Amino acid sequence: PPSLHLQYNTHSVPRHARQDRSGFRTVKQEGAAPGKSPTTPRLSERPTDRRRSMEARYAELRRAVEETAAVDAHAHNLVDTASSLPFLRCFSEADGDALAFAPHSLSFKRSLKEIAALYGCEASLEKVEEFRKAQGLSSIGSKCFQAANVSAILVDDGLAFDKMLELEVHKEFVPTVGRVLRIEWLAETIINDDSFSGSSWTLDSFTETFVAKLKSVASKIVGLKSIAAYRSGLEIDPCVSKTDAEDGLRKELTGQRPLRITNKSLIDYLFTCSLDISVQSHLPMQIHTGFGDKDLDLRKCNPLYLRAVLEDERFAKCQLVLLHASYPYSKEASYLASVYSQVYLDFGLAIPKLSVQGMVSSLKELLELAPINKVMFSSDGYAFPETYYLG
Ligand SMILES: [Zn+2]
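Residues numbered from 1 in each chain as written. Predicted model: local features only at pLDDT ≥ 70, side-chain atom pairs only at ≥ 80, totals over all residues. Heavy atoms only, no water.

As annotated in an unreviewed UniProt entry, the protein chain carries the name Amidohydrolase-related domain-containing protein and comes from Aegilops tauschii subsp. strangulata.

Chemist: Would you mind showing me how to read the sheet that holds strand S4 (residues 223-226) here?
Modeler: Judged by pairing direction, the sheet is parallel, and its eight strands sit side by side in the order S1-S2-S3-S4-S5-S6-S7-S9 without closing on themselves. The open sheet has two free edges, formed respectively by strand S1 (70-75) and strand S9 (375-376), since each of these has just one partner strand. The sheet contact formed by S4 and strand S5 (residues 285-287) spans three bridges and is parallel. Directly across from Leu224, in S5, lies its bridge partner Met285. Contacts between helix H11 (residues 264-281) and the sheet are confined to S4, S5 and strand S6 (320-322), with S5 contributing the most and set at about 145° to the helix. (Pairing = 2+ DSSP bridges. Helix = DSSP H or I, 4+ residues; strand = E, 2+ residues; numbered from the N terminus. Contact = heavy atoms within 4.5 Å. Axes fitted to C-alpha atoms, helices over the stretch in contact; angles between N-to-C directions.)

Chemist: When you look at the coordination of the zinc ion in this model, what are you seeing that I'm missing?
Modeler: Ideal values differ by geometry: the angle at a metal is 109.5 degrees with four tetrahedral donors, but 90 or 180 degrees with six octahedral donors. The zinc ion binds to the protein through His74 (NE2), His76 (NE2) and Asp380 (OD); the donor distances cover 2.0 to 2.2 Å. Summarised as a motif, the one-chain spacing of the donors to the zinc ion is H-x1-H-x303-D. Overall, the relative accessible area of 0% leaves His74 in the buried class. (Donors = N, O, S within 2.8 Å, 3.2 Å for Na, K, Ca; no water. Buried < 20%, exposed > 50% of the residue type's maximum accessible area, 1.4 Å probe, protein only.)

Chemist: Help me understand the pattern of salt bridges, please; the structure alone is not making it clear to me.
Modeler: Between side chains of opposite charge, pairing is possible as soon as their charged atoms come close. Counted by the stated rule, this structure contains 22 salt bridges. In this structure, the salt-bridge partner of Asp156 is Arg182, at a minimum N-O distance of 2.9 Å. Linking Asp156 in strand S2 (residues 150-156) with Arg182 in strand S3 (residues 176-182), this pair joins segments that are 26 residues apart in sequence. Overall, Asp156 belongs to the buried group, its relative accessible area being 0%. Here Asp247 ties to Arg250 by a salt bridge, and the two come within 3.9 Å at their closest N and O atoms. Of this pair, Asp247 and Arg250 both sit in helix H10 (residues 242-253), three residues apart, which is roughly one turn of the helix. Several salt bridges share partner residues, and in doing so they unite Glu55, Arg62 and Glu66 into one network. (Salt bridge = Lys/Arg side-chain N within 4 Å of Asp/Glu carboxyl O.)

This is the structure we're talking about:
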């Protein structure tokens, strides 16, 4: 719905104030017993007193935040409980052998306790998995989304999972579901389409199809999303020549199918074309920045690399949302949001994947320079309803 666009500017609630579960307000620490502060008390003021006075001071804010349903501005599809995706992935971006170490991370220990408390079961991975199997997706989905108090989710459905649910199905859990279109996914879908297997694309014919498709869905989606960071990095050249982009397309077409575009010139070209449409259609562009799974080269995910795009007058009026608190480049992201009107920030994934201290410090860094109304909430939930709840 078009009304969702507005929520980027006006109604997205910075959820940091509501993260009681995650310890922002009670300064709890992973593993610490409830009610015990980890910091050394001053003689004049014991931790419980300090907490009480903080609680009293912000009681009204807490109430408002808890009562206001939030727009979860960036998330992904849920999967059926029969999906082959291991539940351990609920807690980590790691894969393969590295995933086995996930239970030893602070965020895993905290998150598991929070899920177990919601389900009223023992805080062990086995018991939580038993509970979710016995209850089924409908029941655990309702529990998680109700507890999260989310009124809308904006879903980037370009991330593929085994037994992924259609967007419509998410309405069982959330009143409003908006679609965010991943541009690299769209380009790959067009090229991988069997009817175009002749590899007879020229840059012009491809651009015509790509732009026509984007324009045809523009009124039905709530934003665009780019994972350029995952493919060739954020040093996007908005003036990439058509010759270089054509050359990139030709190289990609000689590769294996299904195609996964990695050529920098082509990725930059796709980004620039899409940004044109986003300006014309008043659609925000969400950009992956900072950490993620190891498909990305984190060195290339610093948002400062976006300078050429940010300095380009053609795109001065667009809305660029830097996702994931750009962690660990949160200060850099905050700076960009303070000097470029088109830059907005989103702290999904940093919350809840970091430790409590990590979440607190990255959010503080985002707020060091950025206007507060540009710092937005999302869960970056995916696959498991619990990720939306934790976010
Ligand atoms: Zn995401």
